[in-house]
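An overview of the molecular structure
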Amino acid sequence: MQPLHRLLAFLAAGFALTGCVDPDLRRGQEALGQGRYPLAIQHLERARARDPEDVEVLQGLASAHRSIALGELAAGRCDAAAGQIAAADALTPPELVDHQALLACRERIGGSPATRIAELERLVAAGDQRARILRMLMQLYLDQGRHTDAVRLLDRLEARFALTTDDRRKLADVFLQTGQTDAALKQLYRVKADDPSDPLVRLKLAELLEARGQLPEAEQMYRALAADYRTNPVVFLRLAAFLRRRGDVAGAAEAQATADRLRGIEPDQRTLRDLPRSRK
C-alpha cells in the first residue's frame, strides 16, 4: 500500500499546484499564445493587481505590449508603438531591438526633435553605442542648443573616428562661445587639416591665436593666408588690422594698400594748393 499512498500524495500535490495558479494569469497566457494581446493584457493586469511582483505576470504583460508595438511599427504608427514599448520597458528591462525598430520608424515617418532625442537617449541607455547613433544624437543636441550634452558625446565619437568636418566646425563654435579656447583650437586645427582650402577657418585660427597671445603664430597664419590668397582683399584687410594692432605702421599700410587695390580703390593722388590768404 505504501507505493499507492505515494502515488496518491503526488497526484494530490499536482492538483494543489494547478489550483494555485492565478486564473487570470492562466487566461492571460492562453490569450497571449492565441495572439489576442489586448485580452491578454486585461487578464494579466488583473493578476498583477493581486501580486505586483509576480515575474510571470510581468513578463507576460511586457510580451503583450511588445507584440502590439510590432504591429504599430509595421503600420508606421511610431507614436502608438512608442507608448507600447514604454509600457513594456516599465515592466521588464528594455530590449535593444525594440528601440532600434522604433528609430527606423522615426527615420521613415519623422518626429519632433524632442521626441527623437528622447528615443535616441533610450536607445543609447539600452546599450546601442554605434557611431551613427551617437552622432545623430550629438547633431540633435547641437541643433537644439544643448551644447553641454553634445560635448559629453565627443570622446566616444572621437574614439570611433565618427566626426565629420562640419561636426568639428560646429563644436569649435560651441567651445568658442563657452570660452574653452584650448578645445576650440584643437577642433579648428582638425578642420584645417581636413579642409586646408577654407580661408575662413584659417582666419578664425589666426584670430584665436592672437586672442591667446600667440602673436608669432598668428602673424605666420595671416601671412600664409596672404601668400595663398593673393587676390582676396579680406585677407589683406585682416592682415593690415593685425599689423596695426602690433604697431607695425609700415607693414599695415602696405597690406591696406594691397587690399584697396584689390577692391578697386584708387589712392588719392591729388595735390592741394595753399589757399590764398584772407584780405581780412
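Our structure is the block above this text.
Residues numbered from 1 in each chain as written. Predicted model: local features only at pLDDT ≥ 70, side-chain atom pairs only at ≥ 80, totals over all residues. Heavy atoms only, no water.

Side note on the nonpolar core
To keep it simple, the criterion reads: For this analysis, a nonpolar core means a set of buried residues of the types Ala, Val, Leu, Ile, Met, Phe, Trp, Tyr and Cys, connected via side-chain atoms within 4.5 Å. Per-residue accessibility, obtained with a 1.4 Å probe over protein chains only, is compared with the maximum for each type, and a residue is labelled buried under 20%, exposed over 50%, and partly exposed between these values. Strands here are runs of E lasting at least two residues and helices are runs of H or I lasting at least four, both read from the DSSP assignment and numbered beginning at the N terminus. Here, two residues are considered to be in contact whenever any of their heavy atoms come within 4.5 Å of each other.
Counting residues in hydrophobic clusters, the biggest one holds 48 residues, and the most contacted among them are Leu120, Leu137, Met138, Leu153, Leu157 and Leu171. With eight residues, the top contributor of residues to this core is helix α8 (residues 131–143). Not counting residues within four places of it along the chain, the set of residues in contact with Leu171 comprises Met138, Leu142, Leu154, Leu163 and Gln187.

A word on the packing of helix α3 (residues 37–50) against helix α4 (residues 55–74)
Going by this rule: Helix axes are fitted only over the stretch in contact, all axes being lines through C-alpha atoms; the angle between N-to-C directions runs from 0 to 180 degrees. Angle categories: roughly parallel below 35 degrees, roughly antiparallel above 145, roughly perpendicular from 65 to 115, and oblique for all the rest. Helix crossings fall into two classes, left-handed where the near helix is turned counterclockwise from the far one by less than a right angle and right-handed where it is turned clockwise. Three classes are used: nonpolar for Ala, Val, Leu, Ile, Met, Phe, Trp, Tyr, Cys and Pro, charged for Asp, Glu, Lys and Arg, and polar for all others, with Gly counted as polar.
Between α3 and α4, whose axes approach to 9 Å, the crossing angle comes to 155 degrees. For the element pair α3 / α4, the angle class is roughly antiparallel. Crossing of α3 against α4: the hand is left-handed. Residues Tyr37, Pro38, Ile41, Leu44, Glu45, Ala47 and Arg48 of α3 form the contact with α4, whose own contacting residues are Val57, Leu58, Gly60, Leu61, Ala64, His65, Ser67 and Ile68. Within the contact of α3 with α4, the residues separate by chemical class into 10 nonpolar, three polar and two charged.

Notes on helix α6 (residues 96–109)
Put simply, the rule is: By this rule the span expected of a helix is its residue count minus one, scaled by 1.5 Å. Picture the helix axis, draw a direction to every C-beta atom, and the arc is the one those directions span.
Helix length check: α6 (14 residues) gives 20 Å between terminal C-alpha atoms against 20 Å at 1.5 Å per residue, within 8%. For α6, every residue scored as buried is listed here: Asp98, His99, Leu102, Leu103, Cys105 and Arg106. For α6, the angular spread of the buried residues around the axis is 160 degrees, confining them to a single face. Turned more than 90 degrees away from the buried face of α6, the exposed residues are Val97 and Arg108. In this fold, the buried residues of α6 make contact with α4, α5 (78–89), α7 (113–125) and α8. At the exit of α6 stands Gly110, carrying a positive phi of roughly 100 degrees.

Some points on the packing of helix α12 (residues 181–194) against helix α13 (residues 199–211)
Packed helices, taken two at a time, are described by their axes: the angle between them and the distance between them. α13 packs onto α12 with a crossing angle of 150 degrees between their chain directions and a minimal axis gap of 10 Å. Classified by the interaxial angle, the pair formed by α12 and α13 is roughly antiparallel. At the point where α12 passes α13, the crossing takes the left-handed sense. When α12 is examined against α13, the residues Thr181, Ala184, Leu185, Leu188, Tyr189, Val191 and Lys192 are found in contact with a partner set consisting of Val201, Arg202, Lys204, Leu205, Leu208 and Leu209. For the contact of α12 with α13, the per-class residue count stands at nine nonpolar, one polar and three charged.

Remarks on helix α15 (residues 233–245)
Quick reminder: α-helices carry 3.6 residues per turn. Residues three or four places apart thus point the same way. Threshold: Here a polar contact is taken to be a pair of N or O atoms separated by no more than 3.5 Å, where protein atoms must pair a possible hydrogen donor with a possible acceptor and residues adjacent in sequence count only if both atoms sit in side chains.
Taking 1.5 Å as the rise per residue, α15 with 13 residues should run 18 Å; its terminal C-alpha atoms sit 18 Å apart, in good agreement. Of all the positions in α15, only Val235, Phe236, Leu239, Ala240, Phe242 and Leu243 are classed as buried. Here the buried residues of α15 occupy an arc of 165 degrees about the axis, which is enough to place them on one side. Its buried side turned inward, α15 meets α13, α14 (215–228) and α16 (249–262). The distance from a side-chain oxygen at the start of α15 to the backbone nitrogen of Val234 is 3.0 Å, and the residue carrying that oxygen is Asn232. The positive-phi residue at the C-terminal boundary of α15 is Gly247, with phi of around 90 degrees.

That's the geometry; what it means functionally is another story.
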